[in-house]
Amino acid sequence: MTETAASVTSSLETPLARAAAVPVPQADELAGRFPLTGPARIASDAERAQALTDLHFGHVFSDHMAHARWTRQEGWGGHEVRPYGEISLSPAAAVLHYGQEVFEGIKAYRHADGSIWTFRPRYNAARMNVSARRLALPEMPEEDFIASLVDLVRADADWVPEGDGESLYLRPFMFASEAFLGVHAAGVVDYYLIASPSGAYFTHGLQPISIWVSQNYHRAGRGGTGFAKTGGNYASSLLPQQEADAQGCDQVCFLDDVTEKNLEELGGMNIMVVDADGTVRTPHLTGTILEGNTRSAIIRLLTDAGRRVVEDTITLEGLLADIESGKVSEVFACGTAAVVVPLGHLKGEGFDVRIEGQEVTHQIHDRLTGIQYGRLEDPYNWMYRLA
Ligand code: COI
């Protein structure tokens, strides 16, 4: 079997979870691999203060971006942090035609003492390489990936917001920039890291969200790219997301493409079901599901808190019956951008049900964000100091 994020069955022991546990050199040791070229500040204090007011998700960008280029002949080079701005690309760049692209999502959190931290960065570094392998893109040394976070966040430290639930959302991405129209892997690839000071992903914060279960479309298929974080998976979620919008729902939920019965994931986050007996269930990593960093951390936190956590085949039919009978008490979504958010309403062709419970969802939200924002002890050494 080729290595995918789904090659192993226990979420505590996946290659990504193991990668996340490997110690990372201190940020001072990694700093400088992406040296600052160009001016150190772009926005004035007043412009930045204005930009940091009333933050939503992904609309505002910091002063700089990190960049490196890979060529088949030379490997990675040209590492730098430079002013944020438009990038120029040949109209024949392979990514524009064949979508050879991967990305990541990770956050920088400001703690009460002003220090800036991120969460399990090796997980994202390793996952970007899992995605890159599937998309025939080059791998980036994990410590270079983390160094790009260190150098960009140090250059743009003033852009890390300090409001409740706010963070600097970091978006690393890599794409085929070689100009040619043949369908084969590009020999020139660009890596960028941009940063967006952000508030809650859902504008109503921790309020329960509503879900439209798509019975017409799938996000990914067996042997495809579902386990990789690549734009195509998100592109295929956009039309069903429009259906969800038209139904008055916040997010779309996908079923598997083989049986068309089993819950997989939402448009951009994993899903977890809490049974009334305390068990927490989440879909198996079948190869069509993204192995979320938040998902992995929550499984660890719940397991260590003595809960039974299982990867399971969760059918839509079974879930609806279990909500109806009271066997299921809560359902929540989790992801880096969304954090942890309760599902309050599940809708699809021929059904429309409410879910009332939120107790475990709130507990896990508070524990996870407590660790991320430095309010609670971090017994796992998940937090990594950037600045
Ligand atoms: C993330 O959670 O970081 C993602 O990339 C998902 C997307 C909804 C923003």
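Cut-off values and rules
- Residues numbered from 1 in each chain as written.
- Predicted model: local features only at pLDDT ≥ 70, side-chain atom pairs only at ≥ 80, totals over all residues.
- Heavy atoms only, no water.
- Helix = DSSP H or I, 4+ residues; strand = E, 2+ residues; numbered from the N terminus.
- Rg over C-alpha atoms; globule rule 2.2 N^0.38 Å.
- Buried < 20%, exposed > 50% of the residue type's maximum accessible area, 1.4 Å probe, protein only.
- Contact = heavy atoms within 4.5 Å.
- Domains from an automatic or database assignment.
- Buried area = accessible area lost by both parts, 1.4 Å probe.
- Salt bridge = Lys/Arg side-chain N within 4 Å of Asp/Glu carboxyl O.
- Polar contact = N/O pair within 3.5 Å; in protein donor to acceptor, adjacent residues only side chain to side chain.
- Nonpolar A, V, L, I, M, F, W, Y, C, P; charged D, E, K, R; others polar.
- Disulfide = S-S within 2.5 Å.
- Axes fitted to C-alpha atoms, helices over the stretch in contact; angles between N-to-C directions.
- Parallel < 35°, antiparallel > 145°, perpendicular 65-115°, else oblique.
- Left-handed = near helix turned anticlockwise from the far one by under 90°.
- pLDDT = per-residue confidence, 0-100.
- Phe/Tyr/Trp six-rings, centres within 6.5 Å; stacked < 30°, edge-to-face > 60°.
- Lys NZ or Arg CZ within 6 Å of the ring centre and 35° of its normal.
- UniProt positions renumbered as here; feature names shortened; annotations may be inferred.
- Expected span 1.5 Å × (residues − 1).

Colleague: Before we go on, may I ask you to explain the overall build of the protein in this structure?
Modeller: A tally of regular secondary structure across the protein gives eleven helices and 17 strands. Radius of gyration (C-alpha) of the protein: 21 Å, near the 21 Å computed for a compact globule of 387 residues. Considered along the principal axes of its C-alpha atoms, the protein spans approximately 60 × 50 × 40 Å. The buried share of the protein, reckoned over its 387 residues, is 54%. Expressed as a percentage of contacts within the protein between residues at least 6 apart in sequence, the contacts between residues at least 24 apart total 73%.

Colleague: What is the right way to look at the domain arrangement of the protein in this model?
Modeller: The extent of an interface is frequently quoted as the accessible surface area lost upon association of the parts. For the protein, the domain assignment lists domain 1 (15-203 + 378-385) and domain 2 (209-357). Across the contact, 25 residues belong to domain 1 and 27 residues belong to domain 2. Of the roughly 2100 Å² buried between domain 1 and domain 2, counting both surfaces, carbon and sulfur atoms make up 60%. Considering only the side of domain 1, the residues that lose the most area to domain 2 are Phe-103, Arg-134 and Phe-202, jointly responsible for 29% of the buried surface there. Remark: the boundary between domain 1 and domain 2 carries zero salt bridges. At the boundary of domain 1 with domain 2, the tally comes to 15 residue pairs in polar contact (both at pLDDT 80 or more). Looking at the side of domain 1 that touches domain 2, the elements with two or more residues in it are α1 (15-20), β3 (101-103), β4 (106-110) and α5 (121-134). Examining the composition of the side of domain 1 that touches domain 2, we find that six residues originate from one element, α5, more than from any other. Within the side of domain 1 that touches domain 2, the residues separate by chemical class into 15 nonpolar, four polar and six charged.

Colleague: Quick question: what am I supposed to make of the state of the cysteines here?
Modeller: In protein structure, a disulfide is the covalent linkage between the sulfur atoms of two cysteines. Scanning the model with the defined rule gives zero disulfides in all. The thiol sulfur of Cys-249 is not disulfide-bonded, and the nearest other cysteine sulfur, from Cys-253, lies at 11 Å. Using a relative accessible area of 6% as the deciding quantity, one classes Cys-249 as buried. Cys-253 supplies the cysteine sulfur nearest to Cys-334, a cysteine that is in no disulfide, at a spacing of 12 Å. For Cys-334, a relative accessible area of 0% translates into the label buried.

Colleague: What's the story with the packing of α5 against helix α6 (residues 142-155) in this structure? I'm lost.
Modeller: Geometrically, a packed helix pair is captured by the angle between its two axes and the distance between the axes. Interhelical geometry of α5 versus α6 gives an angle of 125° and a closest axis separation of 9 Å. Relative to α6, the element α5 is oriented oblique. Between α5 and α6 lies a crossing whose hand is right-handed. Together, Pro-121, Arg-122, Asn-124, Ala-125, Ala-126, Met-128 and Asn-129 of α5 and Glu-142, Glu-143, Phe-145, Ile-146 and Leu-149 of α6 make up the contact between the two elements. Counted by class, the contact of α5 with α6 contains seven nonpolar, two polar and three charged residues.

Colleague: Looking at this structure, I do not really get the confidence of the model for the protein. What am I missing?
Modeller: On average, residues of the protein score 95 in pLDDT, and 97% of them reach the 70 mark or higher. Low confidence marks residues 1-9, where pLDDT is under 50. Its contacts with residues over four positions away, or in another chain, come to 17 contacts.

Colleague: Please clarify how the packing of aromatic side chains should be interpreted in this entry.
Modeller: Two aromatic rings are characterised by how far apart their centres lie and by the angle between their planes. Tallied over the entire structure, the rule returns 13 aromatic pairs. Taking the centre distance of 6.5 Å and the plane angle of 50° together, the rings of Phe-145 and Tyr-191 count as tilted. Separated by 46 residues along the polypeptide, Phe-145 in helix α6 and Tyr-191 in strand β7 (residues 188-198) bring together distant segments of the chain. No difference in accessibility class separates Phe-145 from Tyr-191, as the two residues are buried. The aromatic ring of Tyr-234 is capped on one face by Arg-219, whose charged end is 6.0 Å from the ring centroid.

Colleague: Sorry, what's going on with the UniProt feature "modified residue: N6-(pyridoxal phosphate)lysine" (unreviewed entry) in the protein here?
Modeller: Here, the residues flagged by UniProt with the feature "modified residue: N6-(pyridoxal phosphate)lysine" (unreviewed entry) are Lys-229. Along the chain, the position of Lys-229 falls in the loop between β8 (209-214) and α7 (231-235). With sequence-adjacent residues up to four places away left out, Lys-229 is seen in contact with Glu-101, Val-102, Phe-103, Glu-104, Gly-105, Arg-127, Ser-131, Tyr-234 and Leu-290.

Colleague: Looking at this model, I keep getting lost on helix α11 (residues 359-372). Mind explaining?
Modeller: Three- or four-residue spacings in an α-helix give side chains the same orientation, since the helix completes a turn every 3.6 residues. Relative to the 20 Å expected for 14 residues at 1.5 Å per residue, α11 spans 20 Å between its end C-alpha atoms, a close match to the ideal helical length. The set of residues buried in α11 consists of Val-360, Thr-361, Ile-364, His-365, Leu-368, Thr-369, Gly-370, Ile-371 and Gln-372. Downstream of α11 by a residue or two, Gly-374 has a phi angle that is positive, lying close to 75°.

Colleague: Got a minute to help me understand the environment of Glu-47 in this structure?
Modeller: Turning to its location among the elements, Glu-47 is positioned in helix α3 (residues 45-51). The sequence separation of Glu-47 and Glu-260 amounts to 213 residues, and the corresponding C-alpha distance is 50 Å. Among the polar contacts listed, one links the side chain of Glu-47 to the backbone nitrogen of Ser-44, at a separation of 2.7 Å.

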